[in-house]
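Next come the chains, spelled out residue by residue.
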Amino acid sequence: IRSMAPFIENTSNLSSLTMTKNNLNAEGIEVLMSAFDRGPIADLYLWYCNIEDISILENCTFPRIQNLWLSNNNIGTHGCVTIANLLQKDESCLRSLQLSSCDICDEGAEILSNSLKRNNTLTSLYLTRNEITEKGSIAFLKLLNDISSVENTYNSNHTLTNLRFGYKSHID
């Protein structure tokens, strides 16, 4: 990653990067994110990268990132807090977020759901193969269609149109 960083920092045409099945870990993601910050990247796919700490993402701006796929990394609830902070930034243009098999439980689902109340860019969220039960599912139901009052129904999130999640024991 360190040897790639100068290339990533100086390229103006790189719009997509896929890295899978490597040992990127926290140090590697920090080097990578520093190189991408304020850059042209629109699609970032980091599958099976042994990532457990994504807190570095809170310091990045990613002015163009639209698709972020972090599947099969153990980001857990702490990672959901980081993602929630990204989704609440005014400059966020994130449209698709893939967090399948990321060790996310009901608490993480509620954190993500709450962050989407005022987000008007994310259209697709994938949370399959996590530890989300009925409690986490209800948080998203209230996000998408809060029927507690007419005003809450009106103010529900109407941007998120593709939501996939399921219990870890189920097959997608």
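Further up the page is the structure itself.
Reading the values: the criteria
- In this numbering scheme, every chain counts its residues from 1 along its sequence in written order.
- In keeping with the predicted nature of the model, local features appear solely for residues at pLDDT of at least 70, side-chain atom pairs appear and are counted solely at 80 or more, and the whole-chain, interface and lining totals rest on all residues.
- By convention in this description, side-chain values take in all heavy atoms of the structure and omit both hydrogens and water.
- Among buried residues, those of type Ala, Val, Leu, Ile, Met, Phe, Trp, Tyr and Cys that are joined through side-chain atoms within 4.5 Å constitute a nonpolar core.
- Any residue under 20% of the maximum accessible area for its type is buried, any over 50% is exposed, and the rest in between are partly exposed; the area is computed with a 1.4 Å probe on protein chains only.
- We count a stretch as a helix when DSSP gives it H or I for four or more residues in a row; a strand needs E for two or more, and each element gets its number in order from the N terminus.
- When checking whether two residues touch, look at their non-hydrogen atoms; a contact exists if any pair is within 4.5 Å.
- Between Lys or Arg on one side and Asp or Glu on the other, a salt bridge is scored when a side-chain nitrogen of the former is within 4 Å of a carboxyl oxygen of the latter.

(A) Just the nonpolar core, in detail. Residues Met 33, Phe 36, Leu 46 and Leu 99 are the most contacted members of the largest nonpolar core, which totals 45 residues. Elements with a contribution of two residues or more to this core: α1 (5–10), β1 (16–20), α2 (25–36), β2 (43–47), α3 (76–88), α4 (106–115), β5 (124–130) and α5 (134–144). Residue contributions to this core peak at six residues, all from α2. Excluding residues within four positions of it along the chain, Met 33 makes contact with Leu 44, Leu 46, Ile 56, Leu 57, Cys 60 and Phe 62.

(B) Just the environment of Arg 2, in detail. Relative to the assigned elements, Arg 2 resides in the segment before α1. Sequence separation of Arg 2 and Ala 35 is 33 residues, and the distance between their C-alpha atoms is 9.4 Å. With near-sequence residues (within four places) excluded, Arg 2 lies in contact with Glu 27 and Val 31.

(C) Spotlight on the pattern of salt bridges. All chains considered together, the criterion is met by one salt bridge. When the shortest N-O distance is used, the salt bridge between Glu 27 and Arg 2 registers 2.2 Å. Residue Glu 27 is located in helix α2, and its partner Arg 2 is located in the segment before α1; the two are separated by 25 residues in the primary sequence. Judged by relative accessible area, Glu 27 falls into the partly exposed class, the value being 49%. The class of Arg 2 is exposed, set by a relative accessible area of 54%.

(D) Representation of the side chain of Ser 124. Within the secondary structure layout, Ser 124 lies in strand β5. You can call Ser 124 buried: its relative accessible area is 12%. Beyond its immediate stretch of four places on either side in the chain, Ser 124 contacts Arg 95, Ser 96, Leu 97, Leu 160 and Asn 162.

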